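Residues per chain, in single letters:
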Amino acid sequence: MQQRPYKRIAVKIGSNVLTRSDRTLDITRMSSLVDQIATLYKSGIEVIMITSGAVASGRGELKDISRKVLDPVSARQLFSAVGQAKLINRYYEFFREHEIPCGQILTTKENFSTRLHYLTQKHCMEVMLENGVIPVVNENDTVSVTELMFTDNDELSGLIASMMSADALVILSNIDGVYDGDPCDGKSKVISDIYPEAKIDSDTFIQSSKSSCGRGGMGTKYRISQKVADEGIAVIIANGKRDNILIDVTGPDRKAPFTLFHPNEHPTSSVKKWIAH
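Residues numbered from 1 in each chain as written. Predicted model: local features only at pLDDT ≥ 70, side-chain atom pairs only at ≥ 80, totals over all residues. Heavy atoms only, no water.

Overview of the pattern of salt bridges
Scanning all chains against the criterion turns up 12 salt bridges. As a salt-bridge pair, Asp154 and Lys12 come within 3.0 Å of each other at their nearest N and O atoms. Taken together, the positions of Asp154 in helix 6 (residues 153-163) and Lys12 in strand 1 (residues 8-13) put the pair 142 residues apart, joining distant regions of the chain. Assessed through its relative accessible area of 1%, Asp154 is described here as buried. Linking Lys86 and Glu61 is a salt bridge whose minimum nitrogen-to-oxygen distance equals 3.1 Å. A residue pair is termed long-range when its members are at least 10 positions apart, and Lys86 in helix 4 (residues 72-96) and Glu61 in helix 3 (residues 54-61) qualify at 25 residues. Given the relative accessible area of 23%, Lys86 is considered partly exposed. (Salt bridge = Lys/Arg side-chain N within 4 Å of Asp/Glu carboxyl O. Helix = DSSP H or I, 4+ residues; strand = E, 2+ residues; numbered from the N terminus. Buried < 20%, exposed > 50% of the residue type's maximum accessible area, 1.4 Å probe, protein only.)

In structure tokens:
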């Protein structure tokens, strides 16, 4: 199967890709992903990163502080405040090895609720891309709590891809894509292609409960992917722990399993259309 060339992509890197079993940051994986993004960048593709990992980064830095003595909101704010600085510094150093500049964008759900905030952050990222700077986007966990939070970074990545008129959104998780059954069942297979006209009852094979195989959050990924694809943006769900996965999923040949949500050729109205008028 030949994929159309992408000129601008958004890449969402999930926390389950960037964290180790002890819930601390996986520096080796970060470095590998940056190497892949650098390859895409140097091939002429504009890349916008939406990354998790701030809380894990902060947790690793503050090992002597037990979460048991903090309530969930305080723990999230503390670890993210410390971790965000460490996380962006890691990305900065990794990209600098490739002589590629990157810049940090911290956002909240409120920034998508008003026209001014929406257009301001859109302009910032456009300026960065025009000048060869890779935007590294993350939710500002220090101030985003309870009802102010995105559902997760899958939701944020969908909004960013739409706002920036990306050709494709790549969602990296710790699972190969959308399965036609339980991923833990050896008989289940990855659904390679999902088309706009396909009538798939996702409730039959996607559950809201989490599992050790990484099904947690797949329901959200599926819904977000459908919405983004309806706006004319291709969406790819792939395993971020596979070597060279970004090179594989954006290339002409399928060397690794993944699920591709084909873009609607007749896009529906999107947030970027109504907010800009």
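The rest of the description comes next.
Considerations on the packing of helix 3 against helix 4
Taken N-terminus to C-terminus, the directions of helix 3 and helix 4 make an angle of 95°; their axes are 6 Å apart at the nearest point. The orientation of helix 3 with respect to helix 4, classified from their angle, is roughly perpendicular. Contacts from Ala54, Val55, Ser57, Gly58, Arg59 and Glu61 in helix 3 reach Arg76, Phe79, Ser80, Val82, Gly83, Gln84, Lys86 and Leu87 in helix 4. Class assignment for the residues of the contact of helix 3 with helix 4 results in 5 nonpolar, 5 polar and 4 charged. (Axes fitted to C-alpha atoms, helices over the stretch in contact; angles between N-to-C directions. Parallel < 35°, antiparallel > 145°, perpendicular 65-115°, else oblique. Contact = heavy atoms within 4.5 Å. Nonpolar A, V, L, I, M, F, W, Y, C, P; charged D, E, K, R; others polar.)

Looking at the packing of aromatic side chains
Any pair of aromatic rings gets described here by the distance separating the centres and the angle formed by the planes. Tallied over the full model, the rule gives 2 aromatic pairs. Judged by centre distance (6.1 Å) and plane angle (75°), the rings of Phe112 and Tyr118 are edge-to-face. A single burial state applies to Phe112 and to Tyr118, both of which are buried. Pairing Tyr222 with Phe261 gives two aromatic rings, centres 5.6 Å apart and planes at 70°, and the pair type is edge-to-face. With Tyr222 in helix 7 (residues 218-230) and Phe261 in strand 8 (residues 259-261), the pair connects residues that are 39 residues apart, well separated along the chain. Neither Tyr222 nor Phe261 differs from the other in exposure class; each is buried. We note Arg254 situated over the ring of Phe258; from NZ or CZ to the ring centre the distance is 4.3 Å. (Phe/Tyr/Trp six-rings, centres within 6.5 Å; stacked < 30°, edge-to-face > 60°. Lys NZ or Arg CZ within 6 Å of the ring centre and 35° of its normal.)

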